[in-house]
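As a plain string of letters, each chain reads:
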Amino acid sequence: MLLIKNISHLYGVLDNRNECPLAGDRMNDPGLIDDAWVLIDGERIVDYGSSAWRYAHGIADNDIEVIDAGGCVVLPCFCDSHTHIVWAGSREQEFIDKINGLTYEEIAARGGGILNSADRLHSLSEEMLYEESMVRIREIMRKGTGAVEIKSGYGLTLDDELKMLRVIRMIKDTTPMSVKSTFLGAHAVGRAYAGRQAEYVEHVCRDMIPAVASGKLADFVDVFCDKGFFTVQETEKILEAAAAYGIKAKIHANELDPEWGGVQVGVRNGALSVDHLEQSGDPEIECLMSGSTIPTALPGASFFLGMPYAPARRMIDAGLPVALASDYNPGSSPSGDMRFVMALGCIKLRLTPAEALRATTINSAAAMGIASDYGSVTRGKVANLIICRPEIKTLDFIPYQYNTPFISEIVLRGKRIEL
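Reading guide: rules and limits
- Residues numbered from 1 in each chain as written.
- Predicted model: local features only at pLDDT ≥ 70, side-chain atom pairs only at ≥ 80, totals over all residues.
- Heavy atoms only, no water.
- Helix = DSSP H or I, 4+ residues; strand = E, 2+ residues; numbered from the N terminus.
- Buried < 20%, exposed > 50% of the residue type's maximum accessible area, 1.4 Å probe, protein only.
- Pairing = 2+ DSSP bridges.
- Contact = heavy atoms within 4.5 Å.
- Axes fitted to C-alpha atoms, helices over the stretch in contact; angles between N-to-C directions.
- Lys, Arg positive; Asp, Glu negative; His and termini not counted.
- Salt bridge = Lys/Arg side-chain N within 4 Å of Asp/Glu carboxyl O.
- Left-handed = near helix turned anticlockwise from the far one by under 90°.
- Nonpolar A, V, L, I, M, F, W, Y, C, P; charged D, E, K, R; others polar.
- Patch = residues over 30% accessible without salt bridge, like charges linked within 9 Å, V, L, I, M, F, W, Y side chains within 5 Å.
- Areas by Shrake-Rupley, 256 points an atom, 1.4 Å probe, with all protein chains shown as cover.
- Right-handed = clockwise from strand over helix to strand, strands pointing away.
- Phe/Tyr/Trp six-rings, centres within 6.5 Å; stacked < 30°, edge-to-face > 60°.
- Expected span 1.5 Å × (residues − 1).

Chemist: For this particular structure, what's the right way to read the environment of Gln-93?
Modeler: Relative to the assigned elements, Gln-93 resides in helix α1 (residues 92-99). Judged by its relative accessible area of 52%, Gln-93 is exposed. Linking Gln-93 and Gly-155, residues 62 residues apart in sequence, is a C-alpha distance of 20 Å.

Now the structure itself:
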């Protein structure tokens, strides 16, 4: 067993394991216990409480490994429900293009963007792609992420999409993080199908999805349903094809066009989440209120691209749950730092620190279907915890002084990891 004792403030506590996601006013409860301790058996949290813990379970001192938090803050590890971590090379030239005034759509029209990444990935071996991706996995783990969703979508051919998904499975098998896999063959139209988008959609439905399902390579299917990418009708066709194999939907929606209908097609098809939402308003909020789909904002993309931010404040005020994720990718959000995402949630989306914590932990866990095991300090859940540095006195300090190192130690699956 492992005991973490002498915790000044334990945040992210949620006594009811089945209460998720948190919505509306409930998001503003930080789940705080002062003068706290946490007891872990194997991978799971056994108990927690305040003040003296001793012998609450009749356990002798010599049966317990002890971490003395030294009066520091402890909180659950971040859960990042939207990333594209598996990619090849880098795209800093497009960074210069953005500085020079080109838009996301203009870069894509010139053959950059997603197709650029697809070209690079095609020439890289599976083993090299895994090694490159693990550098980023270790990076986000050191920054406090304990669960992550990873999308394909830089393959855009059957062989390369399967290669990406196999790499994601290798990551899942070799890291203590929880890893969820999403098939995003409909990220863009592959070069071989240029000018033949309908045929490419048919290829995704007829060839790619059955192969993905046969190999049990994906937990979810995603579609970039937006202007310049895939229509609502094409999205519906892909989601229906995936549903026939029992693969649940997640959607890229309302990043570029407020009237495209991505949110609506996602809710209509029972998507677990709709992500981006920069171009959203009352119709989207009303639609989300009618279903159980989780709105997920990606403020790192808004920050990097200079786009509007998703109306997360209005969504929470309307009574919705909101999740925040990094969108870690080489073109529009080249950072997987969820602490920075939390800070952007406060600074740009006007969330309180408590709301931002819940959005980056329990709600983002719910947005990848793992909230029964991750995203909060709860009896029976996996013990993924951040022990903060001594200078971190409150939760509010973490998004406030957002570039100051804040992690002293990390526990994943009940074990201390090297930073």
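Chemist: Even after reading the chapter, I still don't get the sheet that holds strand β6 (residues 145-151), so can you show me in this structure?
Modeler: Across a sheet, paired strands are connected by hydrogen bonds in the backbone, their directions being either parallel or antiparallel. Reading across the sheet, the 8 strands line up as β5-β6-β7-β8-β9-β10-β11-β12 and stay open at both edges, with parallel pairing between neighbours. The open sheet has two edge strands, β5 (78-83) and β12 (323-324), and neither has a second partner. Strands in contact with helix α12 (residues 338-347) are β5, β6 and β12; relative to β5, the strand with the most contacts, it is inclined by about 85°.

Chemist: Would you mind going over the side chain of Glu-284 with me for this structure?
Modeler: As for its placement among the helices and strands, Glu-284 is situated in helix α9 (residues 282-289). Arg-314 is the oppositely charged side chain nearest to the buried, salt-bridge-free Glu-284, at an N-O distance of 7.8 Å. If we skip the residues at most four places from it in the chain, Glu-284 touches Asn-254, Pro-258, Val-263 and Gln-264.

Chemist: Even after reading the chapter, I still don't get the packing of helix α5 (residues 158-174) against helix α6 (residues 197-214), so can you show me in this structure?
Modeler: The axes of two packed helices give the description: the angle between them and the distance between them. Look at α5 against α6: their axes get within 10 Å of each other, and the N-to-C directions meet at 35°. By crossing handedness, the relation of α5 to α6 is classed as right-handed. Of α6, the residues touching α5 (which contributes Leu-158, Glu-161, Leu-162 and Leu-165) are His-203, Asp-207, Met-208, Ala-211 and Val-212. Its residues assigned to classes, the contact of α5 with α6 comprises 6 nonpolar, 1 polar and 2 charged.

Chemist: Even after reading the chapter, I still don't get a nonpolar patch on the surface, so can you show me in this structure?
Modeler: Nonpolar side chains collect at one region of the surface, where Phe-95, Ile-96 and Ile-99 lie side by side and expose about 280 Å² of accessible area between them. Within the secondary structure, Ile-96 sits in helix α1.

Chemist: Can you help me understand the pairing of strand β11 (residues 294-297) in this one?
Modeler: A regular strand carries its side chains on alternate faces of the sheet. By the alternation rule, side chains of β11 split into Ile-294 and Thr-296 and Pro-295 and Ala-297, which are all buried. Remark: the strand β10 (residues 273-276)/α9/β11 crossover connection has right-handed handedness. Direction of pairing for β11 relative to β12: parallel, over a ladder of 2 bridges. Directly across from Thr-296, in β12, lies its bridge partner Ala-323.

Chemist: For this particular structure, what's the right way to read the packing of aromatic side chains?
Modeler: All chains considered together, the criterion is met by 8 aromatic pairs. Here Phe-224 and Phe-229 contribute two aromatic rings whose centre-to-centre distance is 4.0 Å and whose plane-to-plane angle is 15°, an arrangement assigned as stacked. Accessibility expressed as a relative area gives 1% for Phe-224, which makes it buried. Using a relative accessible area of 11% as the deciding quantity, one classes Phe-229 as buried.

Chemist: Mind showing me how you'd approach α6 here?
Modeler: Owing to its 3.6 residues per turn, the α-helix aligns residues three or four sequence positions apart on the same side. Counted at 1.5 Å a residue, the expected span for α6 with its 18 residues is 26 Å, and the 25 Å between its end C-alpha atoms agrees. Here α6 has its buried residues at Tyr-200, Val-201, His-203, Val-204, Cys-205, Met-208, Ile-209 and Val-212. Against the buried residues of α6 lie α5, β7 (178-186) and α7 (232-243). Immediately beyond the C-terminal end of α6, within one or two residues, lies Lys-216, with a positive phi of roughly 50°.

Chemist: What exactly am I supposed to notice about unusual backbone geometry here?
Modeler: Of the consecutive residues Cys-20 and Pro-21, the connecting peptide bond is found in the cis state with omega at -10°. With respect to the helices, strands and loops of the structure, Pro-21 is situated in the loop between β1 (2-10) and β2 (33-41). The phi dihedral of Asp-35 is positive, around 50°, even though this residue is not glycine. Inspection of the secondary structure assignment puts Asp-35 in strand β2. Unlike most non-glycine residues, Leu-277 shows phi in positive territory, near 70°.

Chemist: Got a minute to help me understand the sheet that holds β1 in this structure?
Modeler: Spatially, the 7 strands line up as an open sheet ordered β3-β2-β1-β4-β13-β14-β15, and their pairing is mixed. Each edge of the sheet is formed by a strand with only one pairing partner; in this case those strands are β3 (44-50) and β15 (415-417). The mean angle between the axes of side-by-side strands here comes to 40°, regardless of whether they run parallel or antiparallel. Both strand β4 (residues 65-76) and strand β13 (residues 385-388) contribute to a ladder of 3 bridges, which runs antiparallel. Of the residues in β13, the one forming a bridge with Pro-76 is Leu-385.

Chemist: What am I meant to see in the pattern of salt bridges here?
Modeler: Any two side chains of opposite charge can pair, given that their charged atoms come close. Applying the stated criterion across every chain yields a total of 27 salt bridges. The salt bridge partner of Glu-355 is Arg-313, with a shortest N-O separation of 2.7 Å. With Glu-355 in helix α13 (residues 353-360) and Arg-313 in helix α11 (residues 312-317), the pair connects residues that are 42 residues apart, well separated along the chain. Given the relative accessible area of 21%, Arg-313 is considered partly exposed. Salt bridges here are not isolated pairs; linked through shared partners, they connect Glu-202, Arg-206, Asp-207 and Lys-237.

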